[in-house]
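So you can see what is in the structure, the chains are spelled out below.
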Amino acid sequence: MDERAKPLLQALRGNAIWPPPIWLMRQAGRYLPEYRAIRGKAGDFIALCTTPELAAEATLQPIRRFGFDAAILFSDLPLLPWALGHGLTYREGEGPVMPPLRDAKALAALDRARVPGAVAPIAETVHRVRAGLAAEGFADCTLIGFSGAPFTVACYMVEGHGSHDFAAARLMAHGDPTLFDQLIALLTDATIDYLSAQIDAGAEVVMLFDSWAGLLPPRLFRRYVVEPTTTIVRRVKQRYPNVPVIGFPRLAGAHIGGYAVETGVDAVGMDTGMDVSGVARIVPAATALQGNLDPMALVAGGDAMRGEVNAILGPMRGRPFVFNLGHGIVPQTPVEHVAALVELVRAA
Ligand code: 1CP
């Protein structure tokens, strides 16, 4: 099939194709028995992300099972700080843990020059996935590369671990803006390097996860979410004019309209709380929308899920749209509910 005919690429280029393409955030992961098997084999989560054979396998597993329209590189958001030389570990059953970055000395220890070498195994995974998709006959499946957006990556680095409010990171943004500006500037440059390495290796679309964007007040949202994202989109598009960029400013609420217009992203991801009709009114019609089924509706399945799916699909018909969740799939998700969801969307 002609590359331009891939459903995801069509939607991201502003075409209202129907039924819409579908993929799910965190579609590779612990809800899949075949993922748990290779996770056990790799031992350490960082080893899983940086062993191309295993990471490519994890990326392909959900495609084989469900035939999604996109594969997303199996990696993780803190691999960028790790590539910059920041410490990173994963505790069993938990998220990432890092040394909290709180001063200029810790910032000075980060080294952007390390990034291309450190991410070479991740780029190799991208290369293998593209080859695997072709070899296994998934001709219309698009490969998405990704990075955490600078603000969200900074949240984890400053805090040192996951949090619901990232108080230390927000305090630094208000209380030591010079240091926070420098961290965001470094992460902006490093993100461009990282995404470029993925695109050079075969990523056809890139996505910026700004999972904690909505924690900021308006002026800081502009400075630490909109401005770095605008820079990244501009520089990626200078180098790769045909590679669409998806931005996911989670929890951004009414800021999503300004984010869509100003950053120049090709698509915006809507989180679970967003009213899709309201978003459609404030985002330009040529910008694709992506989202936003509640991951818990997918766990529930049945009529509850069907009702939520229809409430999303109805208002999205006639728009460039990509069906997805409003946040990542959770480990307790029944595999058969995912298959049922794909059928529902395909029958739209
Ligand atoms: O135990 C395990 O096997 C690890 C679980 C796991 C997995 C499968 C983590 C730990 N990360 C991932 C993969 C992952 N993470 C992908 C792979 C591609 C996919 O299938 O979608 C992607 C795109 C991510 C991105 C990511 N990691 C985000 C952004 C999206 C989001 O969920 O908001 C964030 C915030 C992370 C950090 C992270 N990594 C892992 C966990 C449990 C967390 C959240 C930690 C926390 O906030 O407490």
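Coordinates for the structure precede this section.
A short tour of the structure in this document, coming up. (Residues numbered from 1 in each chain as written. Predicted model: local features only at pLDDT ≥ 70, side-chain atom pairs only at ≥ 80, totals over all residues. Heavy atoms only, no water.)

### Thoughts on the overall build of the protein chain
Counted only if it meets this: By definition, any uninterrupted DSSP run of H or I lasting at least four residues is a helix, any uninterrupted run of E lasting at least two residues is a strand, and each is numbered from the N terminus. Here the globule rule is a power law, 2.2 Å times the number of residues to the power 0.38, and the radius of gyration is based on C-alpha atoms. Partly exposed describes any residue whose relative accessible area lies between the buried limit of under 20% and the exposed limit of over 50%, with all areas from a 1.4 Å probe on protein chains only and scaled to the type maximum. Contacts: residue pairs with any heavy atoms within 4.5 Å of one another. The method behind every accessible area is Shrake-Rupley, applied with a 1.4 Å probe, and residues are considered shielded solely by the protein chains displayed.
A tally of regular secondary structure across the protein chain gives 17 helices and nine strands. Taking 348 residues into account, the globule formula puts the C-alpha radius of gyration at 20 Å, and the protein chain, at 19 Å, falls close to it. Principal-axis analysis of the C-alpha atoms places the extent of the protein chain at approximately 55 × 45 × 40 Å. Across the 348 residues that make up the protein chain, the buried fraction comes to 57%. In the protein chain, the proportion of contacts linking residues at least 24 apart, taken out of those at least 6 apart, comes to 74%. Looking at the protein chain as shown, the accessible area adds up to about 13300 Å², and 53% of this sits on carbon and sulfur atoms.

### Thoughts on the side chain of Asn 324
Looking at the element boundaries, Asn 324 is found in strand 9 (residues 321-325). Asn 324 gets classed as buried once you look at its relative accessible area, which sits at 0%. In contact with Asn 324, not counting residues within four places along its chain, are Trp 23, Leu 24, Met 25, Gln 290, Gly 291, Asn 292 and Leu 293.

### A word on the environment of Val 97
If you trace the backbone, Val 97 turns up in strand 3 (residues 96-97). Val 97 sits 59 residues away from Tyr 156 along the chain, and the two C-alpha atoms are 8.2 Å apart. For Val 97, the contacting residues outside a window of four places in its chain are Gly 87, Leu 88, Thr 89, Arg 91 and Gly 160.

### Topic: the packing of helix 12 (residues 218-239) against helix 13 (residues 256-263)
Under the convention used in this document: Note on geometry: axes are C-alpha line fits, over the in-contact stretch for helices, and angles between N-to-C directions span 0 to 180 degrees. In this scheme the crossing of two helices becomes right-handed for a clockwise turn of the near helix relative to the far one and left-handed for an anticlockwise turn of less than a right angle. In this classification, the charged set is Asp, Glu, Lys and Arg, the nonpolar set is Ala, Val, Leu, Ile, Met, Phe, Trp, Tyr, Cys and Pro, and all remaining amino acids, among them Gly, are polar.
Look at helix 12 against helix 13: their axes get within 9 Å of each other, and the N-to-C directions meet at 30 degrees. In this structure, helix 12 meets helix 13 at a crossing whose hand is right-handed. Counted together, Phe 221, Arg 222, Val 225, Val 226, Thr 229, Thr 230 and Val 233 of helix 12 and Tyr 259, Glu 262 and Thr 263 of helix 13 form the full contact between these two elements. The residue inventory of the contact of helix 12 with helix 13, partitioned by class, reads five nonpolar, three polar and two charged.

### Remarks on the sheet that holds strand 8 (residues 288-293)
Heads up, the condition is: Paired strands, in this sense, are two strands between which DSSP finds at least two bridges.
Strand order in the open sheet formed by seven strands is 1-4-5-6-7-8-9, with parallel pairing between adjacent strands. Looking at strand neighbours, the two that pair on one side only are strand 1 (70-72) and strand 9, the edges of this open sheet. The mean inter-strand angle of the sheet, taken between neighbouring strand axes irrespective of direction, is 25 degrees. Both strand 4 (residues 142-148) and strand 5 (residues 205-210) contribute to a ladder of five bridges, which runs parallel. Note that in strand 5 the partner of Ile 144 across the bridge is Val 205.

### Section: the site of the ligand
The following threshold applies: Nearness of a residue to a molecule or strand requires only that one of the residue's heavy atoms be within 4 Å of it. Distance and chemistry together define a polar contact, namely a pair of N or O atoms within 3.5 Å, with one atom able to donate a hydrogen and the other to accept it when in protein, and with adjacent residues in sequence counting only for side-chain atoms on both sides.
Around the ligand, the surrounding shell holds 23 residues, and the nearest of these are Arg 26, Tyr 35, Asp 76, Tyr 156 and Ser 211. Contact between the ligand and Arg 26: an oxygen atom at 2.6 Å from a main-chain N or O atom of the residue. Separating an oxygen atom of the ligand from a side-chain N or O atom of Arg 39 is a distance of 2.7 Å. Against a free-state accessible area of 900 Å², the protein chains account for coverage of 88% of the ligand. In terms of residue class, the shell around the ligand is built from 13 nonpolar, six polar and four charged.

### Details of helix 12
Note on helix geometry: an α-helix contains 3.6 residues per turn, so any two residues three or four positions apart are oriented the same way. How we decide: Each helix should span, by expectation, one fewer than its residue count multiplied by 1.5 Å. The angle between axes fitted to the seven-residue stretch ending at a residue and the seven-residue stretch beginning at it gives the bend at that residue.
End to end, helix 12 covers 30 Å across 22 residues, agreeing with the expected 32 Å (1.5 Å per residue, within 8%). The axis of helix 12 is deflected most strongly, by about 30 degrees, at Val 226, and proline Pro 228 appears within four residues downstream. Where helix 12 is concerned, the buried positions are Leu 220, Phe 221, Tyr 224, Val 225, Val 226, Pro 228, Thr 229, Ile 232, Val 233 and Val 236. Summarising the contacts, the buried residues of helix 12 are in contact with helix 9 (150-159), helix 10 (167-175), helix 11 (177-201), strand 5, strand 6 (245-249) and helix 13.

### Let's talk about the side chain of Gln 61
Considering the arrangement of structural elements, one finds Gln 61 in helix 4 (residues 52-66). If we ignore the near neighbours within four places in the chain, the residues touching Gln 61 are Leu 32, Glu 34, Tyr 35 and Ile 38.

### Overview of the pattern of salt bridges
Put simply, the rule reads: Think of a salt bridge as a Lys or Arg side-chain nitrogen and an Asp or Glu carboxyl oxygen that are within 4 Å of each other.
For the structure shown, the criterion picks out 14 salt bridges. Measuring nitrogen to oxygen at the nearest pair gives 3.9 Å for the salt bridge that ties Arg 130 to Glu 204. Here Arg 130, found in helix 8 (residues 120-135), pairs with Glu 204, found in the loop between helix 11 and strand 5; they are 74 residues apart in sequence, far enough to count as distant. With its nearest N and O atoms 2.8 Å apart, the salt bridge here joins Asp 266 to Lys 237. With Asp 266 in the loop between helix 13 and strand 7 (267-269) and Lys 237 in helix 12, this pair connects stretches of sequence that are 29 residues apart. The partly exposed category is assigned to Lys 237, whose relative accessible area is 23%. In the salt-bridge network here, residues are joined through shared partners; they are Arg 112, Asp 189, Asp 193 and Arg 235.

### Structural notes on the packing of aromatic side chains
The test is simple: A pair of aromatic rings is counted whenever rings of Phe, Tyr or Trp (Trp by its six-membered ring) have centres within 6.5 Å, and the orientation is called stacked for planes under 30 degrees apart, edge-to-face for over 60 and tilted otherwise.
Under the definition given, this model contains 11 aromatic pairs. When the ring of Phe 146 is compared with that of Phe 209, the centres are 5.5 Å apart and the planes differ by 85 degrees; the resulting orientation is edge-to-face. Of this pair, Phe 146 sits in strand 4 while Phe 209 sits in strand 5, and the two are 63 residues apart along the sequence. When the centroid spacing of 5.0 Å and the interplanar angle of 50 degrees are considered together, the rings of Phe 166 and Trp 212 count as tilted. One end of the pair, Phe 166, is in the loop between helix 9 and helix 10; the other, Trp 212, is in the loop between strand 5 and helix 12, and 46 residues separate them in sequence.

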